[in-house]
Amino acid sequence: MTQNELQMRISEIQFVCIELNLYLDTHPTDEAARSDYYHYSLMLEQLISEYEANYGPLLGFGHSPTDVGCWVCSAWPWEKQ
């Protein structure tokens, strides 16, 4: 996947996780939704790991486990292809 495709996929899966989380707030006994949430959470974790391994951290301020100096070395948004 290209960087843009990977960012779009991460956004899509984040949306699914947020919606499932909201649903589970009002339907905590729905095991199918809980299973879906777990599935998509793992998928999101894998996509973020793939993105950060190839393109650097997605989040700053200690939210990404990648090297702190990576921000300085990575391309600025206007330098990306």
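Residues numbered from 1 in each chain as written. Predicted model: local features only at pLDDT ≥ 70, side-chain atom pairs only at ≥ 80, totals over all residues. Heavy atoms only, no water.

### So, the pattern of salt bridges
Side chains carrying opposite charge are able to pair once their charged atoms draw close together.
Item 1. Summed over all chains, the structure comprises one salt bridge.
Item 2. Across the salt bridge formed by R9 and E12, the nearest N and O atoms sit 3.3 Å from each other. One end of the pair is R9 and the other is E12, both in helix 1 (residues 3–26) and three residues apart, which spans about a single turn.
Item 3. According to the relative accessible area criterion, R9 is partly exposed, its value standing at 31%.
Item 4. With a relative accessible area of 36%, E12 lands in the partly exposed category. (Salt bridge = Lys/Arg side-chain N within 4 Å of Asp/Glu carboxyl O. Helix = DSSP H or I, 4+ residues; strand = E, 2+ residues; numbered from the N terminus. Buried < 20%, exposed > 50% of the residue type's maximum accessible area, 1.4 Å probe, protein only.)

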